[in-house]
Amino acid sequence: MSAQLLEGKSVALKIKEHIRLDAEALRQKLGRAPKLVSIQVGENPGSEVYIKSQEKNAKDLGIEFDLKKFDAATTQDELIKGIERLNCDKTASGIILQMPLPQHIDGKLISRYISPEKDVEAVHPQNMGEIVFGKARILPCTAASCMELLNSIQGLELYGKEAVIVGHSEIVGKPLALLLLNKFVTTTICHIATGQRGTLPEFVKKAEILIVAVGKAGIVKGDWIKEGAIVIDVGINRVEGKIVGDVEFDKAKEKASHITPVPGGVGPLTVAILMRNVIEAAKSQLLS
Ligand code: NAP
């Protein structure tokens, strides 16, 4: 059996249709379009690609986009002041801080200065905390993308399913575990210590839903996949000039019922979720 592909693009298209309508409704209420402000400190080729994609998607959807560039030598205090100015700027609906930042700037500390209402990546502790209570309106983009891919599977009942997440980062694995728990999925999280103990295959083999977000090509072997499992591969790795995921795709697709291709799986969805977060942020600012 060859697995059905879970492609982010078609799911993203549906989400974008809603965003377009919401953006237009907000434009009429506010008298201006909702706006995403992207902050970049210094230069980074990876960030440039992501920023271009943000700009293109925002414009396509009726969201204004503004890039605020700071010099690589900007101090932490100057950056905080810049963020505080944007927090007070009523025209800025959402703020995203491009990572990586120069070494002298502490990204985790700086993220706390973005107003939770404008934090469209949900990196502020308040937004992370809301996920625990199942009340978050703004969700971390990659974790939310994984949930959207699961929701796109027709007839899938999440309640009571057994999931394994490999990778416990703050932007993917940890929030995703909470999102799955909120749907009554029995969730196991594996991390570096699982790998070191040598028990990763054991956990993976039990997963009805497997989500891998590590950043190591082929760390999950195809023959570990449970027959009929749903496999979401978040990993992005460059191997011999090609982009590949963390799961051995060719073997895994023979065992899984559904699997994301890399590229083309989670990736195309994350920017759509970011745009949806801008809309959610603008809506909640209207209410406050
Ligand atoms: P990260 O912060 O480096 O986290 C990687 C996680 O993998 C950590 O929790 C790490 O555990 C764990 N890990 C490392 N080696 C392991 C092993 N041998 N066995 C089990 N777990 C292990 O990375 P991230 O930001 O979450 O990103 C993960 C991957 O997803 C990267 O390839 C990234 O490029 C990709 N990504 C893709 C998208 C997208 O839109 N498609 C978005 C975000 C990220 P410790 O922390 O304990 O070391």
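Residues numbered from 1 in each chain as written. Predicted model: local features only at pLDDT ≥ 70, side-chain atom pairs only at ≥ 80, totals over all residues. Heavy atoms only, no water.

Next up on the list: the overall build of the protein. Scanning the protein from terminus to terminus reveals eleven helices and eleven strands. Radius of gyration (C-alpha) of the protein: 19 Å, near the 19 Å computed for a compact globule of 288 residues. Its C-alpha atoms put the protein at 55 × 40 × 35 Å along the principal axes. Taking the intrachain contacts of the protein between residues at least 6 apart in sequence as the baseline, contacts between residues at least 24 apart amount to 73%. Looking at the protein as shown, the accessible area adds up to about 14300 Å², and 54% of this sits on carbon and sulfur atoms. Each charge sign in the protein was given a centre, from 37 positive and 35 negative side chains, and these centres are 2 Å apart. (Helix = DSSP H or I, 4+ residues; strand = E, 2+ residues; numbered from the N terminus. Rg over C-alpha atoms; globule rule 2.2 N^0.38 Å. Contact = heavy atoms within 4.5 Å. Areas by Shrake-Rupley, 256 points an atom, 1.4 Å probe, with all protein chains shown as cover. Lys, Arg positive; Asp, Glu negative; His and termini not counted. Charge placed at Lys NZ, Arg CZ, Asp CG, Glu CD.)

As a further point, take the pairing of strand S3 (residues 64-70). The pairing of strand S2 (residues 35-41) with S3 spans seven bridges and is classified as parallel. Bridging across to S3, lysine 35 finds its partner in glutamate 64. In this fold, S2 hands off to helix H2 (residues 45-61), which returns the chain to S3; that crossover is right-handed. (Pairing = 2+ DSSP bridges. Right-handed = clockwise from strand over helix to strand, strands pointing away.)

For the protein, the assigned domains are domain 1 (30-118) and domain 2 (141-267). Put simply, the middle of domain 1 and the middle of domain 2, counted by C-alpha atoms, are 30 Å apart. (Domains from an automatic or database assignment.)

Okay, the site of the ligand next. Near the ligand there are 21 residues, and of these His168, Ser169, Ile192, Lys216 and Ile236 occur at the shortest range. Isoleucine 236 places a polar main-chain atom, nitrogen or oxygen, 3.0 Å from an oxygen atom of the ligand. Note that an oxygen atom of the ligand is positioned 3.4 Å from one of the side-chain N or O atoms of threonine 270. Across the complex, the protein chains shield 70% of the 930 Å² of accessible surface that the ligand would expose by itself. Grouping the amino acids of the shell around the ligand by side-chain chemistry returns ten nonpolar, ten polar and one charged. (Near = heavy atom within 4 Å. Polar contact = N/O pair within 3.5 Å; in protein donor to acceptor, adjacent residues only side chain to side chain. Nonpolar A, V, L, I, M, F, W, Y, C, P; charged D, E, K, R; others polar.)

The final tally for this structure, using the stated rule, is one aromatic pair. Judged by centre distance (5.3 Å) and plane angle (35°), the rings of tyrosine 159 and phenylalanine 184 are tilted. Pair noted here: tyrosine 159 is in the loop between helix H6 (141-151) and strand S5 (162-166) and phenylalanine 184 is in the loop between helix H7 (173-181) and strand S6 (186-190), with a separation of 25 residues, a long-range link. Note on phenylalanine 184: relative accessible area 56%, which makes it exposed. (Phe/Tyr/Trp six-rings, centres within 6.5 Å; stacked < 30°, edge-to-face > 60°. Buried < 20%, exposed > 50% of the residue type's maximum accessible area, 1.4 Å probe, protein only.)

This model, assessed by the stated rule, comprises zero disulfides. You can see cysteine 141 has no disulfide; the closest cysteine sulfur is in cysteine 146, sitting 11 Å from it. Looking at the unpaired cysteine 190, the closest cysteine sulfur is the one in cysteine 146, lying at 15 Å. A relative accessible area of 1% places cysteine 190 in the buried class. (Disulfide = S-S within 2.5 Å.)

The strand order S1-S11-S8-S7-S5-S6 describes an open sheet built from six strands, whose pairing is parallel. At either margin of the open sheet sits one strand with a lone partner, and together these are strand S1 (4-5) and S6. Two elements, strand S8 (residues 230-233) and strand S11 (residues 258-259), share two bridges in a ladder whose sense is parallel. Note that in S11 the partner of valine 231 across the bridge is isoleucine 259. Relative to S8, H6 is tilted by about 150°, and along the sheet it contacts strand S7 (209-212) and S8. This element, H7, spans S5, S6 and S7 of the sheet and lies at about 170° to S5. (Axes fitted to C-alpha atoms, helices over the stretch in contact; angles between N-to-C directions.)

Because each turn of an α-helix spans 3.6 residues, side chains separated by three or four positions in sequence point in the same direction. Taking 1.5 Å per residue, 17 residues should reach 24 Å; H2 reaches 25 Å between its end C-alpha atoms and fits that length. Of all the residues in H2, the buried ones are Ser47, Ile51, Gln54, Asn57, Ala58 and Leu61. All buried residues of H2 fall inside an arc of 135° around its axis, so they share one side. Turned more than 90 degrees from where H2 packs its buried face, Pro45, Val49, Lys52, Lys56 and Lys59 sit exposed. (Expected span 1.5 Å × (residues − 1). Arc of directions from axis to C-beta.)

The subject of this paragraph is unusual backbone geometry. Residues methionine 99 and proline 100 are joined by a peptide bond in cis, for which omega reads 0°. Mapped onto the elements, proline 100 comes out in the loop between strand S4 (94-97) and helix H4 (107-111). Note the cis peptide between valine 262 and proline 263, where omega equals 0°. Looking at the element boundaries, proline 263 is found in the loop between S11 and helix H11 (267-287). Positive phi values are uncommon outside glycine, yet alanine 122 reaches one of about 55°. Counting through the fold element by element, alanine 122 comes out in the loop between H4 and helix H5 (125-132). Exposure remark for alanine 122: the relative accessible area of 0% places this residue in the buried category. A positive phi is found at glutamate 240, a non-glycine position, where the angle reads about 45°. Mapped onto the secondary structure, glutamate 240 falls in the loop between strand S9 (237-239) and strand S10 (242-244). Taking the relative accessible area as the measure of exposure, glutamate 240 reaches 80% and is therefore exposed.

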